[in-house]
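Examining the three-dimensional arrangement
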Amino acid sequence: MNVTDPTAVVSSISAIGIKVLLSIATIIIAVVIGKVISIRLRRSLKEKINKGHLDIIIKIVQYSFIIFVLLIFVLPILGVQPSSLLVAGSIAGLVIGFASQSIVSNLISGLFLMIERPIKVGDNVNINGILGIVEDISIISTIIRNYDGLYIRIPNEAVFTNTITNYVANVARRFEYVVGIRYSDDADKAIGIIKELIEAHPFALKSPVPQAFVDNLGDNSVNIIVRIWSPSTEWYGVKMELLWEIKKILGENGIEIAFPQRVMWFANELKKEVD
Amino acid sequence: MFGSYNCPVSIEKENLLISLETEGDVKYYRRECLDNEVEKIVLNGNGNILFNPVEPVNLPKEITSYLLIEFERSFMVEPGTTRKIYIKFPVEVGVFISAKKKYEVIDVFTMVNQKFILYGDPRSGIICKYWLSDVYFSLPSADPMLEGVIELEIMNTTIHWAELTRVVFNAYAMKIYYGDDIVSMKAKMKIMAGEIAETDFVNSPINKGMKKSVELYTTRRVVALGTKFLMEKGL
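Residues numbered from 1 in each chain as written. Chains lettered and ligands numbered in written order. Predicted model: local features only at pLDDT ≥ 70, side-chain atom pairs only at ≥ 80, totals over all residues. Heavy atoms only, no water.

**Quick notes on the overall build of chain B**
- Summing up its helical and strand segments, chain B has one helix and 19 strands in all.
- Once local pairs closer than 6 in sequence are excluded, the contacts in chain B between residues at least 24 apart make up 73%.
- About 11,500 Å² of surface is accessible on chain B, with carbon and sulfur atoms providing 48% of the total.
- When the 28 basic and 31 acidic side-chain charges of chain B are each reduced to a single mean position, those positions are 7 Å apart. (Helix = DSSP H or I, 4+ residues; strand = E, 2+ residues; numbered from the N terminus. Contact = heavy atoms within 4.5 Å. Areas by Shrake-Rupley, 256 points an atom, 1.4 Å probe, with all protein chains shown as cover. Lys, Arg positive; Asp, Glu negative; His and termini not counted. Charge placed at Lys NZ, Arg CZ, Asp CG, Glu CD.)

Next comes the structure, spelled out in C-alpha coordinates:
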(Lines give C-alpha, C1' and ligand atoms only; values in the text may rest on other atoms or scores of the structure.)
Protein backbone atom coordinates (compact mmCIF):
# COMPACT_ATOMS: atom_id res chain seq x y z
CA MET A 1 0.00 0.00 0.00
CA ASN A 2 1.30 3.35 -1.04
CA VAL A 3 1.32 5.90 1.76
CA THR A 4 1.72 9.56 0.75
CA ASP A 5 3.90 11.82 2.85
CA PRO A 6 1.65 14.61 4.26
CA THR A 7 4.56 17.10 4.18
CA ALA A 8 5.14 16.44 0.48
CA VAL A 9 1.46 16.87 -0.27
CA VAL A 10 1.40 20.18 1.60
CA SER A 11 4.52 21.45 -0.16
CA SER A 12 3.11 20.33 -3.52
CA ILE A 13 -0.18 22.12 -2.88
CA SER A 14 1.64 25.22 -1.70
CA ALA A 15 3.87 25.14 -4.83
CA ILE A 16 0.79 24.93 -7.07
CA GLY A 17 -0.84 27.69 -5.02
CA ILE A 18 2.20 29.93 -5.46
CA LYS A 19 2.20 29.26 -9.22
CA VAL A 20 -1.51 30.08 -9.47
CA LEU A 21 -1.09 33.23 -7.38
CA LEU A 22 1.92 34.26 -9.47
CA SER A 23 -0.05 33.65 -12.64
CA ILE A 24 -2.99 35.70 -11.35
CA ALA A 25 -0.62 38.49 -10.29
CA THR A 26 1.03 38.44 -13.74
CA ILE A 27 -2.35 38.59 -15.46
CA ILE A 28 -3.44 41.49 -13.21
CA ILE A 29 -0.19 43.35 -13.98
CA ALA A 30 -0.69 42.64 -17.73
CA VAL A 31 -4.26 43.95 -17.55
CA VAL A 32 -3.09 47.11 -15.74
CA ILE A 33 -0.24 47.70 -18.22
CA GLY A 34 -2.69 47.03 -21.09
CA LYS A 35 -5.04 49.64 -19.61
CA VAL A 36 -2.20 52.15 -19.31
CA ILE A 37 -1.20 51.49 -22.95
CA SER A 38 -4.83 51.97 -24.05
CA ILE A 39 -5.09 55.28 -22.15
CA ARG A 40 -1.84 56.53 -23.70
CA LEU A 41 -2.98 55.42 -27.16
CA ARG A 42 -6.34 57.13 -26.74
CA ARG A 43 -4.68 60.39 -25.71
CA SER A 44 -2.21 60.38 -28.58
CA LEU A 45 -4.63 59.24 -31.32
CA LYS A 46 -7.91 60.88 -30.31
CA GLU A 47 -7.33 63.85 -32.63
CA LYS A 48 -6.32 61.63 -35.54
CA ILE A 49 -8.87 58.83 -35.49
CA ASN A 50 -12.61 58.95 -34.93
CA LYS A 51 -13.95 57.45 -31.71
CA GLY A 52 -15.50 54.27 -33.12
CA HIS A 53 -12.34 53.27 -34.96
CA LEU A 54 -10.12 54.25 -32.05
CA ASP A 55 -12.09 51.97 -29.72
CA ILE A 56 -11.52 49.03 -32.07
CA ILE A 57 -7.77 49.73 -32.40
CA ILE A 58 -7.33 50.13 -28.65
CA LYS A 59 -9.13 46.86 -27.94
CA ILE A 60 -6.99 45.01 -30.49
CA VAL A 61 -3.77 46.39 -28.96
CA GLN A 62 -4.91 45.80 -25.37
CA TYR A 63 -6.02 42.18 -25.88
CA SER A 64 -2.98 41.39 -28.05
CA PHE A 65 -0.74 42.54 -25.20
CA ILE A 66 -2.61 40.44 -22.63
CA ILE A 67 -2.52 37.33 -24.88
CA PHE A 68 1.22 37.91 -25.45
CA VAL A 69 1.86 38.02 -21.67
CA LEU A 70 -0.27 34.89 -21.18
CA LEU A 71 1.71 32.93 -23.76
CA ILE A 72 5.20 34.12 -22.80
CA PHE A 73 4.99 34.50 -19.01
CA VAL A 74 1.90 32.84 -17.54
CA LEU A 75 2.02 29.49 -19.36
CA PRO A 76 5.66 28.75 -18.30
CA ILE A 77 4.73 29.54 -14.69
CA LEU A 78 1.99 26.94 -14.91
CA GLY A 79 4.43 24.44 -16.38
CA VAL A 80 3.32 24.66 -19.99
CA GLN A 81 6.27 25.52 -22.20
CA PRO A 82 5.40 27.74 -25.18
CA SER A 83 7.90 25.73 -27.22
CA SER A 84 5.61 22.72 -26.88
CA LEU A 85 2.87 24.76 -28.44
CA LEU A 86 5.13 25.82 -31.26
CA VAL A 87 4.74 22.68 -33.36
CA ALA A 88 0.98 22.59 -33.03
CA GLY A 89 0.86 26.36 -33.24
CA SER A 90 3.02 26.59 -36.32
CA ILE A 91 0.90 24.07 -38.25
CA ALA A 92 -2.31 25.72 -37.13
CA GLY A 93 -0.76 29.14 -37.82
CA LEU A 94 0.19 28.06 -41.34
CA VAL A 95 -3.33 26.88 -42.08
CA ILE A 96 -4.96 29.93 -40.48
CA GLY A 97 -2.41 32.23 -42.09
CA PHE A 98 -3.19 31.00 -45.60
CA ALA A 99 -6.91 31.08 -44.92
CA SER A 100 -6.92 34.52 -43.40
CA GLN A 101 -4.24 36.20 -45.51
CA SER A 102 -6.65 38.57 -47.24
CA ILE A 103 -8.56 39.24 -44.01
CA VAL A 104 -5.38 40.23 -42.17
CA SER A 105 -4.28 42.32 -45.14
CA ASN A 106 -7.64 44.12 -45.16
CA LEU A 107 -7.50 44.55 -41.40
CA ILE A 108 -4.02 46.09 -41.47
CA SER A 109 -5.06 48.32 -44.39
CA GLY A 110 -8.16 49.31 -42.42
CA LEU A 111 -6.01 50.30 -39.43
CA PHE A 112 -3.76 52.42 -41.63
CA LEU A 113 -6.79 54.02 -43.32
CA MET A 114 -8.13 54.97 -39.89
CA ILE A 115 -4.82 56.50 -38.87
CA GLU A 116 -4.02 58.25 -42.16
CA ARG A 117 -7.65 59.27 -42.79
CA PRO A 118 -7.53 60.07 -46.50
CA ILE A 119 -11.32 59.73 -46.56
CA LYS A 120 -14.12 60.32 -44.07
CA VAL A 121 -17.74 59.22 -43.93
CA GLY A 122 -19.74 61.57 -46.16
CA ASP A 123 -16.85 62.49 -48.47
CA ASN A 124 -17.25 62.46 -52.24
CA VAL A 125 -14.47 60.22 -53.50
CA ASN A 126 -13.09 58.32 -56.45
CA ILE A 127 -11.41 55.06 -55.41
CA ASN A 128 -9.95 53.14 -58.30
CA GLY A 129 -12.58 54.49 -60.67
CA ILE A 130 -15.50 54.01 -58.27
CA LEU A 131 -17.14 57.37 -57.69
CA GLY A 132 -19.51 57.99 -54.84
CA ILE A 133 -20.09 59.01 -51.26
CA VAL A 134 -18.36 57.19 -48.39
CA GLU A 135 -21.06 55.56 -46.27
CA ASP A 136 -18.90 53.65 -43.80
CA ILE A 137 -15.27 52.73 -43.12
CA SER A 138 -15.09 49.53 -41.11
CA ILE A 139 -12.04 47.56 -40.05
CA ILE A 140 -12.24 45.21 -43.08
CA SER A 141 -14.02 47.15 -45.83
CA THR A 142 -15.19 50.55 -47.00
CA ILE A 143 -18.75 51.11 -48.15
CA ILE A 144 -19.44 53.51 -51.02
CA ARG A 145 -22.83 54.68 -52.30
CA ASN A 146 -22.25 55.60 -55.90
CA TYR A 147 -24.11 58.43 -57.62
CA ASP A 148 -26.64 55.94 -59.02
CA GLY A 149 -27.48 54.98 -55.44
CA LEU A 150 -25.77 51.58 -55.59
CA TYR A 151 -24.13 49.95 -52.57
CA ILE A 152 -20.49 49.13 -53.24
CA ARG A 153 -18.23 47.31 -50.79
CA ILE A 154 -14.52 47.76 -51.37
CA PRO A 155 -12.02 45.69 -49.34
CA ASN A 156 -9.74 48.01 -47.39
CA GLU A 157 -6.65 46.56 -49.06
CA ALA A 158 -7.97 47.77 -52.42
CA VAL A 159 -8.78 51.20 -50.93
CA PHE A 160 -5.35 51.52 -49.34
CA THR A 161 -3.29 50.37 -52.32
CA ASN A 162 -5.19 52.32 -55.01
CA THR A 163 -5.25 55.99 -55.84
CA ILE A 164 -7.86 57.85 -53.81
CA THR A 165 -9.25 61.15 -55.05
CA ASN A 166 -11.16 62.96 -52.32
CA TYR A 167 -13.19 65.72 -53.94
CA VAL A 168 -14.07 67.45 -50.69
CA ALA A 169 -10.86 67.10 -48.66
CA ASN A 170 -10.12 70.74 -49.39
CA VAL A 171 -12.70 73.43 -48.73
CA ALA A 172 -12.58 74.86 -52.25
CA ARG A 173 -11.90 73.51 -55.70
CA ARG A 174 -11.53 74.86 -59.21
CA PHE A 175 -13.23 73.89 -62.45
CA GLU A 176 -12.91 75.28 -65.95
CA TYR A 177 -14.69 75.68 -69.25
CA VAL A 178 -13.40 76.32 -72.74
CA VAL A 179 -15.68 78.75 -74.55
CA GLY A 180 -14.98 78.96 -78.30
CA ILE A 181 -16.31 82.11 -79.92
CA ARG A 182 -16.23 83.23 -83.56
CA TYR A 183 -13.25 85.11 -84.94
CA SER A 184 -15.62 87.93 -85.89
CA ASP A 185 -16.67 88.40 -82.22
CA ASP A 186 -15.00 90.76 -79.75
CA ALA A 187 -13.10 88.53 -77.29
CA ASP A 188 -12.51 91.39 -74.83
CA LYS A 189 -16.25 92.04 -74.67
CA ALA A 190 -16.94 88.32 -74.20
CA ILE A 191 -14.42 88.12 -71.35
CA GLY A 192 -16.00 91.17 -69.68
CA ILE A 193 -19.48 89.63 -69.91
CA ILE A 194 -18.29 86.28 -68.55
CA LYS A 195 -16.52 87.96 -65.61
CA GLU A 196 -19.66 89.94 -64.76
CA LEU A 197 -21.71 86.76 -64.79
CA ILE A 198 -19.24 84.99 -62.51
CA GLU A 199 -19.20 87.98 -60.15
CA ALA A 200 -22.98 87.80 -59.81
CA HIS A 201 -22.97 84.13 -58.79
CA PRO A 202 -22.74 83.76 -54.99
CA PHE A 203 -20.87 80.45 -55.01
CA ALA A 204 -18.26 81.49 -57.57
CA LEU A 205 -15.67 82.58 -55.03
CA LYS A 206 -14.44 86.15 -54.91
CA SER A 207 -11.01 84.84 -54.00
CA PRO A 208 -9.13 82.89 -55.39
CA VAL A 209 -9.93 85.25 -58.23
CA PRO A 210 -11.76 83.66 -61.19
CA GLN A 211 -9.96 83.83 -64.53
CA ALA A 212 -11.20 84.32 -68.10
CA PHE A 213 -8.68 84.78 -70.88
CA VAL A 214 -7.99 83.90 -74.50
CA ASP A 215 -6.10 80.64 -74.27
CA ASN A 216 -5.54 79.86 -77.92
CA LEU A 217 -6.56 80.71 -81.44
CA GLY A 218 -8.14 77.48 -82.60
CA ASP A 219 -8.92 76.18 -86.08
CA ASN A 220 -12.50 77.30 -85.87
CA SER A 221 -12.77 79.52 -82.81
CA VAL A 222 -11.08 81.89 -80.41
CA ASN A 223 -10.90 79.76 -77.27
CA ILE A 224 -11.52 81.49 -73.96
CA ILE A 225 -10.59 79.57 -70.82
CA VAL A 226 -12.82 80.25 -67.82
CA ARG A 227 -11.54 79.12 -64.42
CA ILE A 228 -13.73 79.38 -61.33
CA TRP A 229 -13.16 78.44 -57.70
CA SER A 230 -16.14 77.28 -55.70
CA PRO A 231 -16.78 75.74 -52.26
CA SER A 232 -16.18 71.98 -52.60
CA THR A 233 -19.69 71.27 -51.43
CA GLU A 234 -21.22 73.46 -54.12
CA TRP A 235 -18.92 73.18 -57.13
CA TYR A 236 -20.94 70.68 -59.13
CA GLY A 237 -24.10 72.76 -59.00
CA VAL A 238 -22.16 75.89 -59.96
CA LYS A 239 -20.44 74.05 -62.82
CA MET A 240 -23.75 72.77 -64.19
CA GLU A 241 -25.40 76.15 -63.88
CA LEU A 242 -22.80 78.55 -65.21
CA LEU A 243 -21.88 77.02 -68.58
CA TRP A 244 -25.33 77.42 -70.03
CA GLU A 245 -25.67 80.86 -68.45
CA ILE A 246 -22.45 81.87 -70.22
CA LYS A 247 -23.75 80.57 -73.54
CA LYS A 248 -27.08 82.39 -73.09
CA ILE A 249 -25.63 85.74 -72.06
CA LEU A 250 -23.04 85.70 -74.84
CA GLY A 251 -25.83 84.98 -77.34
CA GLU A 252 -27.90 87.86 -75.94
CA ASN A 253 -24.94 90.14 -76.59
CA GLY A 254 -24.47 88.98 -80.17
CA ILE A 255 -21.50 86.71 -79.43
CA GLU A 256 -21.97 83.20 -80.77
CA ILE A 257 -20.27 79.92 -80.05
CA ALA A 258 -18.25 79.00 -83.18
CA PHE A 259 -18.98 75.99 -85.35
CA PRO A 260 -16.32 74.02 -87.25
CA GLN A 261 -15.79 75.67 -90.65
CA ARG A 262 -13.43 75.60 -93.64
CA VAL A 263 -12.52 78.47 -95.92
CA MET A 264 -11.90 77.01 -99.37
CA TRP A 265 -9.87 78.78 -102.04
CA PHE A 266 -10.24 77.53 -105.58
CA ALA A 267 -7.20 77.55 -107.82
CA ASN A 268 -9.45 78.51 -110.73
CA GLU A 269 -12.25 80.95 -110.19
CA LEU A 270 -15.56 79.22 -110.00
CA LYS A 271 -17.61 80.06 -113.05
CA LYS A 272 -21.31 79.92 -113.30
CA GLU A 273 -23.48 80.89 -116.16
CA VAL A 274 -26.30 83.18 -115.26
CA ASP A 275 -29.24 83.53 -117.54
CA MET B 1 -40.10 97.32 -40.27
CA PHE B 2 -38.29 95.27 -37.58
CA GLY B 3 -40.29 94.21 -34.55
CA SER B 4 -43.29 92.14 -33.57
CA TYR B 5 -46.65 92.18 -35.40
CA ASN B 6 -50.03 90.58 -34.81
CA CYS B 7 -51.89 88.68 -37.52
CA PRO B 8 -53.03 89.81 -40.07
CA VAL B 9 -49.82 91.44 -41.29
CA SER B 10 -49.14 93.12 -44.57
CA ILE B 11 -45.85 94.89 -45.25
CA GLU B 12 -45.10 96.44 -48.59
CA LYS B 13 -41.80 98.10 -49.44
CA GLU B 14 -39.72 98.54 -52.52
CA ASN B 15 -38.95 95.03 -53.86
CA LEU B 16 -40.55 93.47 -50.79
CA LEU B 17 -44.01 92.19 -50.03
CA ILE B 18 -44.82 90.23 -46.86
CA SER B 19 -48.18 89.06 -45.58
CA LEU B 20 -49.56 86.80 -42.87
CA GLU B 21 -53.24 86.07 -43.26
CA THR B 22 -55.66 83.85 -41.37
CA GLU B 23 -58.21 81.55 -42.94
CA GLY B 24 -60.04 79.68 -40.18
CA ASP B 25 -57.35 78.40 -37.80
CA VAL B 26 -54.73 78.22 -40.56
CA LYS B 27 -52.32 81.07 -41.28
CA TYR B 28 -50.69 81.71 -44.63
CA TYR B 29 -47.30 83.38 -44.75
CA ARG B 30 -46.27 84.85 -48.10
CA ARG B 31 -43.13 86.74 -49.01
CA GLU B 32 -41.91 88.21 -52.28
CA CYS B 33 -38.44 89.70 -52.23
CA LEU B 34 -36.70 90.67 -55.45
CA ASP B 35 -37.30 87.60 -57.66
CA ASN B 36 -37.71 85.19 -54.80
CA GLU B 37 -41.12 84.00 -53.55
CA VAL B 38 -41.96 81.93 -50.50
CA GLU B 39 -45.32 80.68 -49.23
CA LYS B 40 -45.79 78.72 -46.03
CA ILE B 41 -48.75 77.39 -44.12
CA VAL B 42 -48.62 77.87 -40.36
CA LEU B 43 -50.86 75.72 -38.21
CA ASN B 44 -51.80 77.06 -34.79
CA GLY B 45 -49.50 79.65 -33.17
CA ASN B 46 -50.77 82.73 -31.43
CA GLY B 47 -50.50 84.82 -34.56
CA ASN B 48 -47.50 86.88 -33.53
CA ILE B 49 -44.79 87.33 -36.09
CA LEU B 50 -41.39 88.87 -35.47
CA PHE B 51 -39.02 90.38 -38.00
CA ASN B 52 -35.45 91.06 -36.94
CA PRO B 53 -31.95 91.00 -38.41
CA VAL B 54 -30.12 87.71 -37.97
CA GLU B 55 -26.51 86.60 -38.47
CA PRO B 56 -25.75 87.31 -42.14
CA VAL B 57 -24.44 83.87 -43.05
CA ASN B 58 -27.63 81.96 -43.87
CA LEU B 59 -28.29 82.80 -47.50
CA PRO B 60 -28.43 81.60 -50.20
CA LYS B 61 -27.47 78.45 -48.30
CA GLU B 62 -25.89 77.91 -44.93
CA ILE B 63 -22.43 76.65 -45.88
CA THR B 64 -20.33 78.61 -43.41
CA SER B 65 -20.57 80.44 -40.11
CA TYR B 66 -17.92 83.01 -40.94
CA LEU B 67 -18.28 86.52 -42.30
CA LEU B 68 -15.32 88.23 -43.98
CA ILE B 69 -15.55 91.98 -44.47
CA GLU B 70 -12.99 93.40 -46.84
CA PHE B 71 -12.11 97.06 -46.42
CA GLU B 72 -12.34 99.23 -49.53
CA ARG B 73 -9.30 101.11 -48.21
CA SER B 74 -6.66 99.39 -46.15
CA PHE B 75 -5.32 101.27 -43.14
CA MET B 76 -2.42 101.17 -40.68
CA VAL B 77 -2.74 100.83 -36.91
CA GLU B 78 -0.05 102.21 -34.63
CA PRO B 79 1.62 99.72 -32.26
CA GLY B 80 0.28 99.64 -28.71
CA THR B 81 -2.86 101.65 -29.50
CA THR B 82 -6.60 101.10 -29.49
CA ARG B 83 -8.76 102.67 -32.17
CA LYS B 84 -12.47 102.57 -32.95
CA ILE B 85 -13.78 102.37 -36.52
CA TYR B 86 -17.12 101.63 -38.16
CA ILE B 87 -17.73 99.20 -41.00
CA LYS B 88 -20.89 97.91 -42.64
CA PHE B 89 -22.23 94.36 -42.91
CA PRO B 90 -25.02 92.82 -45.00
CA VAL B 91 -28.42 92.42 -43.36
CA GLU B 92 -30.39 89.20 -43.45
CA VAL B 93 -33.88 89.35 -42.00
CA GLY B 94 -35.24 86.46 -39.99
CA VAL B 95 -39.01 85.91 -39.76
CA PHE B 96 -40.07 84.18 -36.56
CA ILE B 97 -43.38 82.89 -35.29
CA SER B 98 -43.93 82.63 -31.59
CA ALA B 99 -45.65 80.04 -29.45
CA LYS B 100 -45.36 79.60 -25.69
CA LYS B 101 -42.75 82.36 -25.48
CA LYS B 102 -40.48 80.50 -27.92
CA TYR B 103 -39.53 81.76 -31.36
CA GLU B 104 -39.14 79.55 -34.39
CA VAL B 105 -37.72 80.85 -37.64
CA ILE B 106 -39.91 80.29 -40.69
CA ASP B 107 -38.06 82.37 -43.26
CA VAL B 108 -34.86 84.29 -43.85
CA PHE B 109 -34.48 86.77 -46.68
CA THR B 110 -32.12 89.46 -47.81
CA MET B 111 -32.23 92.31 -50.27
CA VAL B 112 -28.51 92.42 -50.99
CA ASN B 113 -26.28 90.34 -53.25
CA GLN B 114 -24.58 87.28 -51.83
CA LYS B 115 -20.96 86.33 -52.33
CA PHE B 116 -18.51 83.91 -50.75
CA ILE B 117 -14.74 84.00 -50.46
CA LEU B 118 -11.95 81.69 -49.38
CA TYR B 119 -9.91 82.94 -46.40
CA GLY B 120 -6.55 81.20 -46.50
CA ASP B 121 -5.59 78.43 -48.87
CA PRO B 122 -7.84 75.64 -50.21
CA ARG B 123 -6.22 73.03 -47.93
CA SER B 124 -6.52 74.73 -44.55
CA GLY B 125 -8.55 77.86 -45.23
CA ILE B 126 -12.22 78.51 -44.56
CA ILE B 127 -15.12 79.57 -46.74
CA CYS B 128 -16.58 82.89 -45.57
CA LYS B 129 -19.54 85.01 -46.52
CA TYR B 130 -18.09 88.09 -48.23
CA TRP B 131 -18.92 91.76 -47.90
CA LEU B 132 -17.07 94.84 -49.08
CA SER B 133 -17.23 97.89 -46.83
CA ASP B 134 -15.66 101.27 -46.62
CA VAL B 135 -14.04 102.26 -43.33
CA TYR B 136 -15.72 105.05 -41.34
CA PHE B 137 -14.43 106.99 -38.36
CA SER B 138 -17.86 108.14 -37.18
CA LEU B 139 -21.20 106.34 -37.16
CA PRO B 140 -22.31 106.12 -40.82
CA SER B 141 -25.91 106.06 -41.96
CA ALA B 142 -27.17 102.88 -43.59
CA ASP B 143 -30.48 101.53 -44.83
CA PRO B 144 -31.31 98.96 -42.11
CA MET B 145 -32.94 96.66 -44.64
CA LEU B 146 -29.70 96.46 -46.58
CA GLU B 147 -26.75 97.11 -44.29
CA GLY B 148 -25.92 97.21 -40.61
CA VAL B 149 -23.03 98.93 -38.85
CA ILE B 150 -20.29 97.28 -36.81
CA GLU B 151 -18.46 99.37 -34.24
CA LEU B 152 -15.05 97.73 -34.31
CA GLU B 153 -12.50 98.38 -31.58
CA ILE B 154 -9.03 97.53 -32.87
CA MET B 155 -6.22 96.88 -30.40
CA ASN B 156 -2.73 96.56 -31.76
CA THR B 157 -0.89 94.77 -28.96
CA THR B 158 2.26 94.27 -31.02
CA ILE B 159 5.30 96.54 -31.28
CA HIS B 160 4.85 96.94 -35.04
CA TRP B 161 2.49 98.87 -37.26
CA ALA B 162 -0.25 96.63 -38.62
CA GLU B 163 -1.92 97.05 -41.99
CA LEU B 164 -5.53 95.88 -42.04
CA THR B 165 -7.35 94.92 -45.21
CA ARG B 166 -10.10 92.67 -43.85
CA VAL B 167 -11.69 91.21 -40.77
CA VAL B 168 -13.28 87.79 -40.19
CA PHE B 169 -16.04 87.15 -37.67
CA ASN B 170 -17.60 84.01 -36.27
CA ALA B 171 -21.40 84.06 -36.53
CA TYR B 172 -21.72 82.10 -33.29
CA ALA B 173 -20.55 85.18 -31.42
CA MET B 174 -22.68 87.80 -33.16
CA LYS B 175 -24.85 90.03 -30.98
CA ILE B 176 -27.17 92.01 -33.22
CA TYR B 177 -29.23 94.99 -32.06
CA TYR B 178 -31.76 97.00 -34.03
CA GLY B 179 -33.48 100.33 -33.77
CA ASP B 180 -35.84 102.28 -36.00
CA ASP B 181 -33.15 103.32 -38.43
CA ILE B 182 -30.11 101.21 -37.66
CA VAL B 183 -28.93 97.63 -37.26
CA SER B 184 -25.71 97.25 -35.35
CA MET B 185 -23.12 95.05 -33.70
CA LYS B 186 -20.15 95.80 -31.48
CA ALA B 187 -16.93 93.90 -32.05
CA LYS B 188 -13.31 93.76 -30.99
CA MET B 189 -10.22 92.91 -32.97
CA LYS B 190 -7.01 92.22 -31.10
CA ILE B 191 -3.89 92.18 -33.24
CA MET B 192 -1.60 89.64 -31.60
CA ALA B 193 1.22 89.34 -34.11
CA GLY B 194 2.16 90.55 -37.58
CA GLU B 195 -0.42 88.46 -39.43
CA ILE B 196 -2.58 87.18 -36.57
CA ALA B 197 -5.57 88.74 -34.88
CA GLU B 198 -8.47 87.60 -32.72
CA THR B 199 -12.01 88.82 -33.21
CA ASP B 200 -14.97 88.67 -30.89
CA PHE B 201 -18.25 90.46 -30.25
CA VAL B 202 -19.46 92.60 -27.37
CA ASN B 203 -22.98 92.06 -26.14
CA SER B 204 -24.17 95.67 -26.04
CA PRO B 205 -25.87 98.06 -28.47
CA ILE B 206 -24.06 101.03 -29.98
CA ASN B 207 -27.01 103.32 -29.13
CA LYS B 208 -29.35 103.36 -26.15
CA GLY B 209 -32.85 101.99 -26.61
CA MET B 210 -31.96 99.44 -29.29
CA LYS B 211 -33.59 96.00 -29.16
CA LYS B 212 -31.68 92.74 -29.14
CA SER B 213 -32.31 90.44 -32.08
CA VAL B 214 -33.42 86.86 -31.69
CA GLU B 215 -30.40 85.01 -33.05
CA LEU B 216 -30.31 81.81 -35.07
CA TYR B 217 -26.96 80.64 -33.76
CA THR B 218 -27.99 79.80 -30.23
CA THR B 219 -25.89 79.72 -27.09
CA ARG B 220 -26.19 75.94 -26.98
CA ARG B 221 -23.98 75.73 -30.04
CA VAL B 222 -21.62 78.41 -28.81
CA VAL B 223 -20.47 76.19 -25.96
CA ALA B 224 -19.33 73.53 -28.38
CA LEU B 225 -17.57 75.70 -30.91
CA GLY B 226 -16.40 78.84 -29.14
CA THR B 227 -17.21 82.37 -30.15
CA LYS B 228 -13.90 83.98 -30.98
CA PHE B 229 -12.19 83.73 -34.31
CA LEU B 230 -8.45 83.63 -34.75
CA MET B 231 -7.35 85.22 -38.01
CA GLU B 232 -4.20 83.23 -38.78
CA LYS B 233 -4.16 83.61 -42.54
CA GLY B 234 -3.42 87.30 -42.75
CA LEU B 235 -5.00 90.64 -41.89
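**Quick word on the pattern of salt bridges**
- Under the counting rule described, the total for this entry stands at 15 salt bridges over all chains.
- For the salt bridge of B:K61 with A:E234, the shortest nitrogen-to-oxygen distance reads 3.0 Å. Pair noted here: B:K61 is in the loop between β6 (48-54) and β7 (66-77) and A:E234 is in the loop between β8 (222-231) and α7 (235-252), and the two residues belong to different chains.
- On the accessibility criterion, B:K61 (42% relative accessible area) is partly exposed.
- Note that B:R73 is salt-bridged to B:D134, the shortest N-O span being 2.9 Å. (Salt bridge = Lys/Arg side-chain N within 4 Å of Asp/Glu carboxyl O. Buried < 20%, exposed > 50% of the residue type's maximum accessible area, 1.4 Å probe, protein only.)

**A word on the sheet that holds strand β3 (residues 141-146) of chain A**
All names here are of chain A.
- If you trace the five strands from one edge of the open sheet to the other, you get β4-β3-β2-β1-β5, paired in antiparallel fashion. One side of each edge strand has no neighbouring strand; the edge strands of this open sheet are β4 (151-155) and β5 (164-166). Strand-to-strand twist of the sheet, defined as the mean angle between neighbouring strand axes without regard to direction, takes the value 40°.
- As defined by bridge partners, strand β2 (residues 130-137) adjoins β3 across five bridges and the pair is classed as antiparallel. Bridged to D136 within β3 is I143. (Pairing = 2+ DSSP bridges. Axes fitted to C-alpha atoms, helices over the stretch in contact; angles between N-to-C directions.)

**Some remarks on the confidence of the model for chain B**
- The predicted model of chain B averages 89 in pLDDT, with 94% of residues at 70 or higher.
- In the predicted complex, the global pTM is 0.78; the interface-specific ipTM is 0.88. (pLDDT = per-residue confidence, 0-100.)

**Examining the nonpolar core**
- Core analysis: the largest hydrophobic core is formed by 68 residues, its most contacted members being B:I87, B:L152 and B:F169.
- The leading source of residues in this core is β7(B), at six residues.
- Every residue in contact with B:F169, bar those within four places of it in the chain, is listed here: B:S65, B:Y66, B:L67, B:I69, B:I87, B:I150, B:L152, B:M174, B:A187, B:T199 and B:F201.
- Counting 29 residues, the second-largest nonpolar core is a separate cluster that includes A:V179, A:V222, A:V226 and A:I228. (Core = buried A, V, L, I, M, F, W, Y, C linked by side-chain atoms within 4.5 Å.)

**Some words on the environment of A:S138**
Residue and element names in this part refer to chain A.
- Here S138 shows up in the loop between β2 and β3.
- In this structure S138 comes out as partly exposed when scored by relative accessible area, which is 25%.
- Along the backbone, S138 and G52 are 86 residues apart, and their C-alpha atoms lie at a distance of 9.3 Å.

**Details of the pairing of strand β10 (residues 102-110) of chain B**
- When strand β9 (residues 92-99) of chain B meets β10(B), the two strands line up antiparallel, connected through eight bridges. Pairing of B:A99 across the sheet is with B:K102, part of β10(B).

**Topic: the interface of chain B and chain A**
- Taken residue by residue, the interface counts 14 residues in chain B and 18 residues in chain A.
- When the two sides are added together, the surface that chain B and chain A hide from each other amounts to roughly 1,300 Å², 65% of it contributed by carbon and sulfur.
- Per-residue buried area on chain B facing chain A is highest for B:K115, B:F116 and B:P122; these three make up 39% of the total on that side.
- The interface formed by chain B and chain A holds one salt bridge in total.
- If you look at where chain B meets chain A, you find ten residue pairs in polar contact (both at pLDDT 80 or more).
- At the level of elements, β11 (116-119) and β12 (126-133) of chain B are the ones that each hand at least two residues to the side of chain B that touches chain A.
- Partitioned by chemical class, the residues of the side of chain B that touches chain A number nine nonpolar, two polar and three charged. (Buried area = accessible area lost by both parts, 1.4 Å probe. Polar contact = N/O pair within 3.5 Å; in protein donor to acceptor, adjacent residues only side chain to side chain. Nonpolar A, V, L, I, M, F, W, Y, C, P; charged D, E, K, R; others polar.)

**A closer look at the packing of aromatic side chains**
- Counting across every chain of the model gives 13 aromatic pairs over all chains.
- Both rings, one in B:Y5 and one in B:F51, keep their centres 5.4 Å apart while their planes meet at 80°; by these two values the pair is edge-to-face. Of this pair, B:Y5 sits in strand β1 (residues 3-6) while B:F51 sits in strand β6; the two residues are 46 residues apart in sequence, bridging distant segments of the chain.
- Given a relative accessible area of 0%, B:F51 falls into the buried group.
- Relative to B:F75, the ring of B:F71 lies with its centre 5.3 Å away and its plane at 35°, an arrangement referred to as tilted.
- The exposure class assigned to B:F71 is buried, which follows from its relative accessible area of 4%.
- Given a relative accessible area of 14%, B:F75 falls into the buried group.
- Of the aromatic side chains, those joined through ring pairs into one cluster are A:F175, A:Y177, A:W235 and A:Y236.
- Over the ring of A:W235 we find A:R173, and its NZ or CZ is 3.6 Å from the ring centre.
- One Lys or Arg, B:K212, reaches over the ring of B:Y177 and ends 5.8 Å from the middle of that ring. (Phe/Tyr/Trp six-rings, centres within 6.5 Å; stacked < 30°, edge-to-face > 60°. Lys NZ or Arg CZ within 6 Å of the ring centre and 35° of its normal.)

**Here we look at helix α2 (residues 51-77) of chain A**
Residues and elements named next belong to chain A.
- Along its 27 residues, α2 runs 38 Å from first to last C-alpha, staying within 8% of the 39 Å computed at 1.5 Å per residue.
- At L70, α2 shows its largest kink, close to 40°.
- Those residues of α2 that sit buried are H53, L54, I57, I58, Q62, I66, V69 and V74.
- Along its buried surface, α2 packs onto α1 (6-45), α4 (101-116) and β2.
- Remark: G79 follows α2 within two positions and exhibits a positive phi of approximately 95°. (Expected span 1.5 Å × (residues − 1). Bend = angle between axes of the 7 residues up to and from the residue.)

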